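Given next are the chains, with one letter for each unit.
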Amino acid sequence: MKFGLKLAAALVAGIALGLFATWATVIRGAGPNALSDGPWRTSLTTGSAKSGPYTRASVAMHGLLALNRDETIYYTATTDSSGAALDGTCAYDIVGHDPDARWWSITAYGSDDYLIPNPVDRYSISKNSVIRAADGSFSASVGSAAHVQNWIPTSRAPFSLTLRLYNPGTSVQSEPAQASLPVIVKGSCS
Amino acid sequence: MSARAWTGWIAATLVVAALVHAGSLFALPWLVMDRAFSLMGSRNTMHHGARADANSRTIVRPSPDLLYSTCPYDLTKGPLEVRAVIPHETYWSVSAFDNDTNNWYVLNDRQTERGKLDLVIQAPGRDKDVAATEHRLVVTSPTIRGLILIRTLINDEDRIAAIDRTRRLATCGPLTEPQ
């Protein structure tokens, strides 16, 4: 094989391999998350100049314009509490108490990282909108089957959830992997 | 081809792959910010986005519970002034992002007693140009270009109209007052 051809082959293969590595580590995945709290994953350096190139690239792709963790902590779940991938053909319950923050919300996103179209134009539950039981706990339904209250609609496709904690309490700030966060329990699938 | 020659070509391929991977990793935030800039409209002007829904495509993973006002800035021609009325009955924050997506400044409604925001953004290396006063905050951007983002929480669906009116009072533009 001539030298030129070998050089071209090495370049093409190198470029393809390099782009594949970026796609695999940053674009396809949810990115490198430093901490896990049950199904909820977060990074200590989101939005911060201290974040490394992988976190910065991942945030640019999956959470552009995220605030730094002093202001807001973002947790993302792509699985339920048992570790199974979130799937819109199944029903889920998010069960727990209000996380320690001035304000919180849980929002569903499609695999394209945008809000999921649904008949009632509802995309989240939050500290303001969630209906609680007498003991202060709440249970929210996630899935494509309609519910009257505490419902986060999805399509019948894979999805993810983002839990936002605005002005998180000191306990969450100091131990974000030990925060008391709602669990995600899978129900029936169809 | 000899085994030694193969090893050389494989090593060259891996070096190219590493360079492309590193380059694309560092370029991604800039490219994504560039796209966001182009979608957000004219520079040094406040844009008050509609409430996010399933049709929103400007920014990934928007919150449907917040109203976003954005001002892509370019400090080439001088400092930028951001003015806003701060609602104290709901969460509100003004944040600034550099060209590499880093969140280099944030101020929320509970961190100031002022009912109004007067924030001047200076270019890097020009931090002596504008002096802070009792009524004016002055900060220096790490990059010439960046983005101001104001978040206002819709904490009561019945008050959307009033919350939206207040957040639309926010403006940004070149600093024109005597310095």
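Note that the coordinates shown come from a computational prediction; the quantities given were computed from them, not determined experimentally.

Draft legend 1. Layout of the domain arrangement of chain A. Examined at the domain level, chain A breaks down into domain 1 (1-30) and domain 2 (33-189). If you average the C-alpha positions of domain 1 of chain A and of domain 2 of chain A, the two centres end up 35 Å apart.

Draft legend 2. Focus on the sheet that holds strand β4 (residues 90-96) of chain A. Residue and element names in this part refer to chain A. The mixed open sheet is built from 4 strands, whose spatial order is β8-β7-β4-β10. What marks the edges here is a single partner per strand, and that holds for β8 (151-153) and β10 (183-189). Pairs of neighbouring strands in the sheet enclose a mean axial angle of 20 degrees, with direction left out of account.

Draft legend 3. The arrangement of the side chain of T13 of chain B in detail. Structurally, T13 of chain B is set in helix α1 (residues 3-40). With a relative accessible area of 15%, T13 of chain B lands in the buried category. Separated by 2.9 Å, the side chain of T13 of chain B and the backbone oxygen of W9 of chain B make a polar contact. Once you skip the residues sitting within four places of it in the chain, T13 of chain B turns out to touch A10, A13 and G14 of chain A.

Draft legend 4. Summary view of the packing of aromatic side chains. Summed over the entire model, instances satisfying the criterion amount to 6 aromatic pairs over all chains. On the basis of an interplanar angle of 65 degrees and a centroid distance of 4.8 Å, the ring pair of Y166 of chain A and Y91 of chain B is categorised as edge-to-face. Taken together, the residues Y166 of chain A in strand β9 (residues 159-168) and Y91 of chain B in the loop between β3 (80-85) and β4 (92-98) connect one chain to another. With respect to burial, Y166 of chain A and Y91 of chain B carry one shared label: buried. Among the aromatic residues, those joined into a cluster by ring pairs are W103 and Y166 of chain A together with Y91 of chain B. Across from the ring centre of Y114 of chain A, 4.2 Å away, lies the NZ or CZ of R57 of chain B, which sits over that ring.

The rules we used
- Residues numbered from 1 in each chain as written.
- Chains lettered and ligands numbered in written order.
- Predicted model: local features only at pLDDT ≥ 70, side-chain atom pairs only at ≥ 80, totals over all residues.
- Heavy atoms only, no water.
- Domains from an automatic or database assignment.
- Pairing = 2+ DSSP bridges.
- Helix = DSSP H or I, 4+ residues; strand = E, 2+ residues; numbered from the N terminus.
- Axes fitted to C-alpha atoms, helices over the stretch in contact; angles between N-to-C directions.
- Buried < 20%, exposed > 50% of the residue type's maximum accessible area, 1.4 Å probe, protein only.
- Polar contact = N/O pair within 3.5 Å; in protein donor to acceptor, adjacent residues only side chain to side chain.
- Contact = heavy atoms within 4.5 Å.
- Phe/Tyr/Trp six-rings, centres within 6.5 Å; stacked < 30°, edge-to-face > 60°.
- Lys NZ or Arg CZ within 6 Å of the ring centre and 35° of its normal.

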